[in-house]
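If you want the building blocks of each chain, they are given just below.
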Amino acid sequence: MKLKQFFSIPNLLCYVRIALIPYFIYTYLHAEQTIDYLFTACILAVMEITDFLDGFIARHYNMVTEAGKIIDPIADKLLQLTLLILLVYHYPMAAIVLILFLIKETGMTICGLLSIHKKCKLDGALWCGKVSTTVFYLCMVILILFPSIQQSFANILLTVTAAFLFYSFVIYMKTYYQMLKKH
């Protein structure tokens, strides 16, 4: 990989997302008033926008790089992991979503490595993964923006998040299985 690939606009947006994670953690853990949570949710929204923009710019302006194919998912997973760990503090049910997330990502990593070994790979994210990620972020923004939300409503949001995570996990595992079986 050429050094130039690491500094494309989409990859720089990924670095911004990663760099904002510690600041996001700090603002969330020190939030006390509604305005603090609003500010924290705005930081999260900026990170989510960079996630959308890096992919859009890479595809639309033909700036897809091998480095970006590695950096973008790492930035995404770091942010998602951070969100779930932080939310466990306020919402105990988030621990179940966190465990499911870890199982899904571990399974997908193993399948991804197997597919590389067998010289076959997925061509980007499946639609269910994109939908799952969108639902994940929508629910996370609501939970961060409204920290005094009723526990029952928070549990509904976390259950919806878990359901979409599980569904995308099943679809990805089925897809990997079929792909690896052919090779």
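Residues numbered from 1 in each chain as written. Predicted model: local features only at pLDDT ≥ 70, side-chain atom pairs only at ≥ 80, totals over all residues. Heavy atoms only, no water.

### What about the overall build of the protein chain?
Next up, step 1: Scanning the protein chain from N- to C-terminus turns up 7 helices and 0 strands.
Next up, step 2: Element order for the protein chain, N to C, with α for helix and β for strand: α-α-α-α-α-α-α.
Next up, step 3: Taking 183 residues into account, the globule formula puts the C-alpha radius of gyration at 16 Å, and the protein chain, at 17 Å, falls close to it.
Next up, step 4: When the backbone C-alpha atoms are referred to their principal axes, the protein chain occupies close to 50 × 35 × 20 Å.
Next up, step 5: Here the protein chain, with 183 residues, has 42% of them falling under the buried criterion.
Next up, step 6: Split by element, the accessible area of the protein chain, about 10,700 Å² in all, is 71% carbon and sulfur.
Next up, step 7: Within the protein chain, the 10 negative side-chain charges are centred at a point lying 16 Å from the centre of the 14 positive side-chain charges. (Helix = DSSP H or I, 4+ residues; strand = E, 2+ residues; numbered from the N terminus. Rg over C-alpha atoms; globule rule 2.2 N^0.38 Å. Buried < 20%, exposed > 50% of the residue type's maximum accessible area, 1.4 Å probe, protein only. Areas by Shrake-Rupley, 256 points an atom, 1.4 Å probe, with all protein chains shown as cover. Lys, Arg positive; Asp, Glu negative; His and termini not counted. Charge placed at Lys NZ, Arg CZ, Asp CG, Glu CD.)

### Notes on the nonpolar core
Next up, step 1: One finds Leu83, Met140 and Leu143 to be the most contacted residues of the largest nonpolar core, which totals 33 residues.
Next up, step 2: Residue contributions to this core peak at 7 residues, all from helix α6 (residues 127-145).
Next up, step 3: Met108, Leu122, Tyr172 and Tyr176 belong to the second-largest nonpolar core, a separate cluster that totals 10 residues. (Core = buried A, V, L, I, M, F, W, Y, C linked by side-chain atoms within 4.5 Å.)

### Here's the deal with a nonpolar patch on the surface
Next up, step 1: A cluster of nonpolar residues, Trp127, Val131, Phe153, Ile156, Val160, Phe164 and Tyr167, forms a patch on the protein surface that exposes about 640 Å² of accessible area.
Next up, step 2: Elements with a contribution of two residues or more to the nonpolar patch: α6 and α7 (151-182).
Next up, step 3: The element contributing the most residues to the nonpolar patch is α7, with 5 residues.
Next up, step 4: Among the structural elements, Val160 can be located in helix α7.
Next up, step 5: When its relative accessible area of 33% is taken as the criterion, Val160 is described as partly exposed. (Patch = residues over 30% accessible without salt bridge, like charges linked within 9 Å, V, L, I, M, F, W, Y side chains within 5 Å. Salt bridge = Lys/Arg side-chain N within 4 Å of Asp/Glu carboxyl O.)

### Topic: the environment of Thr50
Next up, step 1: Counting through the fold element by element, Thr50 comes out in helix α3 (residues 34-60).
Next up, step 2: Judged by its relative accessible area of 7%, Thr50 falls in the buried class.
Next up, step 3: Along the chain, Thr50 and Leu157 lie 107 residues apart, while their C-alpha atoms are 24 Å from each other.
Next up, step 4: Contacts of Thr50, omitting those with residues within four sequence positions, involve Leu13 and Arg17. (Contact = heavy atoms within 4.5 Å.)

### Quick look at the confidence of the model for the protein chain
Next up, step 1: Averaged over the protein chain, the pLDDT score is 93; the fraction of residues at 70 or greater is 99%.
Next up, step 2: Here helix α1 (residues 3-6) stands out as the element of the protein chain with the lowest mean pLDDT, 80, in contrast to helix α2 (residues 9-29), whose mean of 96 is the highest. (pLDDT = per-residue confidence, 0-100.)

### Quick look at helix α5 (residues 94-117)
Next up, step 1: Between its first and last C-alpha atoms α5 spans 34 Å; for 24 residues at 1.5 Å apiece the expected length is 34 Å, and the two agree.
Next up, step 2: Burial in α5 covers these residues: Ala94, Val97, Leu98, Leu100, Phe101, Lys104, Glu105, Gly107, Met108, Cys111, Gly112 and Ser115.
Next up, step 3: Looking at the buried side of α5, the elements it contacts are α4 (66-90) and α7.
Next up, step 4: Just downstream of α5 lies Lys119, where phi reads positive at about 60°. (Expected span 1.5 Å × (residues − 1).)

### Structural notes on the environment of Leu44
Next up, step 1: With respect to the helices and strands, the residue Leu44 is situated in helix α3.
Next up, step 2: Judged by relative accessible area, which is 0%, Leu44 ranks as buried.
Next up, step 3: Counting along the chain gives 39 residues from Leu44 to Gln5, while the straight-line C-alpha distance between them is 26 Å.
Next up, step 4: Aside from chain neighbours lying at most four places away, what touches Leu44 is Phe24, Leu79, Leu83, Met140, Val141 and Ile144.

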